[in-house]
Amino acid sequence: MRQRDVRTWTILVSYFARVGSDGVVLELFKDMQNQGVVPNQFTLSSVLKCCSSLSELRIGKGVHGWILRNGITLDVVLENSLLDFYVKCKDLGSAKWLFELMEERNSVTWNILIGAHLNTGDVDKAVDMFRKLRIKDVTSWNIIIDGAMRNRFKRIALELLYEMVKHGTFLNEVTFSIALVLAASLLDLELGKQIHAAVFRMGIHVDDFIRNSLIDMYCKCGRMDLSLKVLEKMDMDFGRKENSIVEIISWSSIISGFVRNGQFEDAFKTFTSMIRKEIEVDRSIITSIISGCANCGVLVLGQQVHALFHKTGLKVDAHLGSSLIDMYAKCGNLDDAQMIFKQTSDRNVVLWTSMISGCAIHGQGREVVQKFESMISEGIKPNEVTFIGVLTACSHAGLIEEGCRYFRLMKEVYGFKPEVEHFTCMVDLYGRVGQLDEAKKFIHENGIHQMSAVWRSLLSSCRLHKDIQMAEWVCEKLLHLEPLDAGPYILLSNICTTKQRWEEAAEVRSLMQSRGVKKNPGQSWIEIKNQVHAFVVGDRSHPRKDEIYAYLDKLIKRLREIGYSSDTKNVMQDVEEEQGEMVLAFHSEKLAAAYGIISTSSQKPIRIMKNLRICNDCHNFMKYTSQLLGREIIVRDIRRFHHFKHGYCSCGEYW
């Protein structure tokens, strides 16, 4: 083109700004000036937009200076572009200065600065500015409600939403999406249903974004049935949008919802259905399924999902790597967890924390200490969760000096305020080594009397060391805090029966029954050929029950020949781990072990999960079975892992 006027240049600059070619825009701006063409307000707005996208504060300020030197008329559009530039480059001081100088301000002007205060977490200032805004459009309302919610001022966000409706402002699709996210974060199902009804009345329920927000809201409120209905309605109304972003997000929400609500089997079935329908599986879906496998100890499916991820060609980043480490560790395969850790190059605090926590639940205290020190030496700053893993490991391994040192380090060096999990670990650390008075002193010194978890930990230690006097005192504290929790009653009853104080044990049981307190039954499960088999004490529901009981009887007789004898103290008590009135031989973990032995080859480890802590008798049973049969047995109870091999347990009898 022989003649290029300002309009021609502006069209070209605006186009490249629109498609995100920010570097090209800045080059064109230089060429334009070199050729003596004076840019107009539209050209400059596009250039400033690119400066903010690139966070080029110096260049943007240069453009601002050029505008002032050349006497370019500053209309409200150009001033808003400058204001937006300073905000996005995090120069709030210059943004405020410019705002005060502006003679003309429209709703966009106010929205930019309100959003700036929200981004810095100053919700009070943002709300104050919002109140001063005379004409509040739908964008203004959306910005303030969304910003308050993002900053965890959920109740303020809810009040503003009600105020917006009362004000009579038209609610658009963005408003409803924000409102649904708010309902989900508040776990307010009734509010979510009201928003759903309003969406339906307005006819915008067909919007893909709204539907995905509805699915997510119902998932987070625990109504998976309603989220599935929304998904089914999408397919019925419009048919499948094969492998579209909308479809993938919908399925991802459903699967993560099942996992979040503990409906792992439904999550696995949904995932299998996705694969059969050839729906594209993304990183988010794989992470959710791996999390589900970790929670219920399904190793085989976890390995298959891991293999599927490799087939997709996606790279294992720190986030997915940490999920894989967590899965392998919680499924009892610490070697593979270590392998994933070593293979991941980008090791952030999340990845390190997953590896530390994995080693902790396997009782590898020294390994955790070594890894923590390596993490610090690599310049990675630990977080609160990292310290929970470290303190748990110290507790399980009896490393009292190290545990106390790391607790002080967390507070004094890293400035973290201890939460209930940290305090509980410390009480457990003192209690396990028999320093019950020290544990009691720790509770008083830290003013944590209101935390039932620390008293529960101390009561468990009283049982371990058979200190009935302190147990009674701790139990009183616990029953005052949580009168309907079965744990204190059961633990105190156990201690009484261990000391053969039968009448006191009976009184505790009678009190428990009179108050209507119920105990969760013990349950164990084992995965065989991609199917999970669950057992309860004395379970006779399994299709192969006759084989299981016949083999178990035969096995116990053989174990007695090499020294095993039942710990009969547990028969007379309702232990925390199992219903005491039932015969020890038929505890759930023994049934699961027997089924695993008769269903798998002798070379394959037997992996059992239990929802309560393994009892003394079952612990001895597993040791002798591993010795007699030469098989590795891995038991994950509610506290930790026990690896039984050649007659020994990895816990070293410290559990």
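Calculation notes
- Residues numbered from 1 in each chain as written.
- Predicted model: local features only at pLDDT ≥ 70, side-chain atom pairs only at ≥ 80, totals over all residues.
- Heavy atoms only, no water.
- Helix = DSSP H or I, 4+ residues; strand = E, 2+ residues; numbered from the N terminus.
- Buried < 20%, exposed > 50% of the residue type's maximum accessible area, 1.4 Å probe, protein only.
- Areas by Shrake-Rupley, 256 points an atom, 1.4 Å probe, with all protein chains shown as cover.
- Lys, Arg positive; Asp, Glu negative; His and termini not counted.
- Charge placed at Lys NZ, Arg CZ, Asp CG, Glu CD.
- Pairing = 2+ DSSP bridges.
- Contact = heavy atoms within 4.5 Å.
- Expected span 1.5 Å × (residues − 1).
- Arc of directions from axis to C-beta.
- Phe/Tyr/Trp six-rings, centres within 6.5 Å; stacked < 30°, edge-to-face > 60°.
- Lys NZ or Arg CZ within 6 Å of the ring centre and 35° of its normal.
- Core = buried A, V, L, I, M, F, W, Y, C linked by side-chain atoms within 4.5 Å.
- Domains from an automatic or database assignment.
- UniProt positions renumbered as here; feature names shortened; annotations may be inferred.
- Axes fitted to C-alpha atoms, helices over the stretch in contact; angles between N-to-C directions.
- Parallel < 35°, antiparallel > 145°, perpendicular 65-115°, else oblique.
- Left-handed = near helix turned anticlockwise from the far one by under 90°.
- Nonpolar A, V, L, I, M, F, W, Y, C, P; charged D, E, K, R; others polar.
- 1 Å grid on protein atoms, 1.4 Å probe; cavity = no way out; pocket = protein on both sides within 12 Å on 5 of 7 lines; lining within 4 Å.
- Points joined across faces, edges and corners; volume = space filled by probe spheres on them.

Participant: It is not clear to me how the overall build of the chain should be interpreted in this structure. Could you clarify?
Facilitator: Helices and strands together make up the secondary structure of the chain, namely 33 helices and 6 strands. Principal-axis analysis of the C-alpha atoms places the extent of the chain at approximately 105 × 55 × 55 Å. Counting the 655 residues in the chain, one finds 52% classified as buried. Surface summary for the chain: the accessible area is close to 31,500 Å², and the carbon and sulfur share equals 51%. Distance from the positive charge centre (82 side chains) to the negative charge centre (79 side chains) of the chain: 2 Å.

Participant: Please clarify how the pairing of strand S5 (residues 641-645) should be interpreted in this entry.
Facilitator: As a general feature of sheets, a regular strand has side chains that alternate between the two faces. With respect to burial, S5 is a largely interior element, 4 of its 5 residues being buried. In terms of strand pairing, strand S4 (residues 633-636) meets S5 through 4 bridges, oriented antiparallel. Bridge pairing in S5 links isoleucine 633 to phenylalanine 644. Counting the residues between successive antiparallel strands, the hairpin from S4 to S5 contains 4 residues. With 2 bridges joining them, S5 and strand S6 (residues 648-649) adopt antiparallel strand pairing. Across the sheet, the residue bridging to lysine 645 is tyrosine 648, located in S6.

Participant: How should the side chain of serine 46 be read in this particular structure?
Facilitator: Take serine 46: it is sitting in helix H3 (residues 41-53). Non-local contacts of serine 46, meaning those with residues more than four positions away in its chain, are made with Val13, Ser14, Ala17 and Val25.

Participant: Got a minute to help me understand helix H2 (residues 22-34) in this structure?
Facilitator: An α-helix turns once every 3.6 residues. As a result, residues three or four positions apart point the same way. The end-to-end C-alpha separation of H2 is 19 Å, in line with the 18 Å expected for 13 residues at 1.5 Å each. Turning to H2, its buried residues are Asp22, Val25, Leu26, Leu28, Phe29 and Met32. Take H2 and look down its axis: the buried residues cluster within an arc of 160°, on one side only. Lining the buried residues of H2 we find helix H1 (6-18), H3 and helix H4 (57-69). In the segment just after H2, glycine 36 is the residue with positive phi, at about 80°.

Participant: Where do I start with the packing of aromatic side chains in this structure?
Facilitator: For any pair of aromatic rings, the description consists of the separation of the ring centres together with the inter-plane angle of the planes. Counted according to the given criterion, the structure contains 19 aromatic pairs. Measuring from centroid to centroid gives 5.9 Å for tyrosine 430 and phenylalanine 442, while their planes differ by 50°, and the two rings are tilted. Taken together, the residues tyrosine 430 in helix H25 (residues 420-432) and phenylalanine 442 in helix H26 (residues 436-445) connect sequence positions 12 residues apart. An identical accessibility class is assigned to tyrosine 430 and phenylalanine 442; each is buried. Three or more aromatic residues joined by ring pairs make a cluster, and in this case those are Phe372, Phe387, Tyr406, Tyr414 and Phe416. The ring of phenylalanine 99 is capped by arginine 105, whose NZ or CZ atom sits 4.1 Å from the centre of that ring. Of note, arginine 347 hangs over the ring of phenylalanine 341, and the distance from its end group to the ring centre comes to 4.4 Å.

Participant: Is there a simple way to think about the nonpolar core in this case?
Facilitator: Proteins that are soluble and globular tend to have nonpolar side chains buried together. The biggest cluster of nonpolar side chains holds 175 residues, and the ones touching the most others in it are Ile144, Met327 and Leu458. When we break this core down by domain, the ones giving at least three residues each are domain 1 (1-103) and domain 2 (444-515). Setting aside residues up to four positions removed in sequence, methionine 327 forms contacts with Ile290, Cys293, Ala294, Leu299, Gly302 and Gln303. Listed in part, the 30 residues of the second largest apolar core include Ala594, Ile608, Phe621 and Ile633.

Participant: Explain the UniProt feature "repeat: PPR" (unreviewed entry) in the chain here, please?
Facilitator: With numbering matched to this structure, UniProt assigns "repeat: PPR" (unreviewed entry) to residues 5-39, 106-140, 207-237, 247-281 and 348-382. As a span, residues 106-140 carries 74% helix and 0% strand, and end to end its C-alpha atoms are 11 Å apart. Within residues 247-281, the helical portion is 77% and the strand portion 0%, while the C-alpha atoms at the span's ends are 10 Å from each other.

Participant: I'm lost on the packing of H3 against H4 in this one. Help?
Facilitator: How two helices pack is summed up by the angle between their axes together with the distance between the axes. Running from N to C, H3 and H4 point in directions that differ by 160°, and their axes come no closer than 9 Å. Classified by the angle between their axes, H3 and H4 sit roughly antiparallel to one another. Considering the relative orientation of H3 and H4, their crossing is left-handed. Here Leu44, Val47, Leu48 and Cys51 of H3 come into contact with H4, specifically with Ile59, Gly60, Val63, Trp66 and Ile67. In the contact of H3 with H4, the residues fall into 8 nonpolar, 1 polar and no charged.

Participant: How should the domain arrangement of the chain be read in this particular structure?
Facilitator: Frequently, the measure chosen for interface size is the accessible area removed from exposure when the parts meet. On domain assignment, one finds that the chain holds domain 1 (1-103), domain 2 (444-515) and domain 3 (541-649). Computed over C-alpha atoms only, the centres of domain 1 and domain 2 are separated by 71 Å.

Participant: Could you clarify how one ought to interpret the environment of arginine 463 in this entry?
Facilitator: Its location among the elements puts arginine 463 in helix H27 (residues 452-464). Each C-alpha atom, one on arginine 463 and one on isoleucine 495, is 5.6 Å from the other, the two residues being 32 residues apart in sequence.

Participant: I would appreciate a short explanation of the layout of surface pockets in the present structure.
Facilitator: In this approach a probe as big as a water molecule rolls over the atoms, and the regions it shows empty are the leftover space. For the largest pocket, the calculated volume is near 1,200 Å³. As for the largest pocket, its lining consists of 45 residues, of which His396, Thr424, Ile638, Arg639 and Arg640 are closest to the centre. Of all the secondary-structure elements, those providing two or more residues to the lining of the largest pocket are helix H19 (318-330), helix H21 (349-361), helix H23 (384-397), H25, H27, helix H29 (486-498) and strand S3 (606-610). Counting the residues that make up the lining of the largest pocket, at least three belong to each of domain 2 (444-515) and domain 3 (541-649).

Participant: Would you explain the side chain of threonine 270 in this entry?
Facilitator: Looking at where threonine 270 falls in the secondary structure, it is placed in helix H16 (residues 264-276). Note on threonine 270: relative accessible area 12%, which makes it buried. Filtering out sequence-adjacent residues up to four positions away, threonine 270 remains in contact with Trp251, Ile254, Ile255 and Phe258.

Participant: Looking at this model, I keep getting lost on the sheet that holds S3. Mind explaining?
Facilitator: Whenever strands of a sheet pair, they do so through backbone hydrogen bonds, lying parallel or antiparallel. One open sheet accounts for 6 strands, arranged S2-S1-S3-S4-S5-S6; its pairing is mixed. Looking at strand neighbours, the two that pair on one side only are strand S2 (531-536) and S6, the edges of this open sheet.

Participant: I would appreciate a short explanation of the packing of H21 against helix H22 (residues 365-377) in the present structure.
Facilitator: One way to put it is that H21 packs onto H22 with a least axis distance of 9 Å and a crossing angle of 165°. One way to sum up the angle between H21 and H22 is to call them roughly antiparallel. Here H21 runs over H22; the crossing is left-handed. The residues of H22 that touch H21, namely those facing Val349, Trp352, Met355, Ile356, Cys359 and Ala360, are Glu367, Val368, Lys371, Phe372, Ser374 and Met375.

Participant: So what exactly am I meant to see when it comes to unusual backbone geometry here?
Facilitator: With the exception of glycine, most residues fall at negative phi, and the peptide bonds are largely trans. Notably, lysine 466 is not glycine yet its phi reads approximately 55°, a positive angle. Along the chain, lysine 466 falls in the loop between H27 and helix H28 (468-481). The exposure class assigned to lysine 466 is partly exposed, which follows from its relative accessible area of 37%. A positive phi angle, close to 55°, is found at histidine 646, a residue other than glycine.

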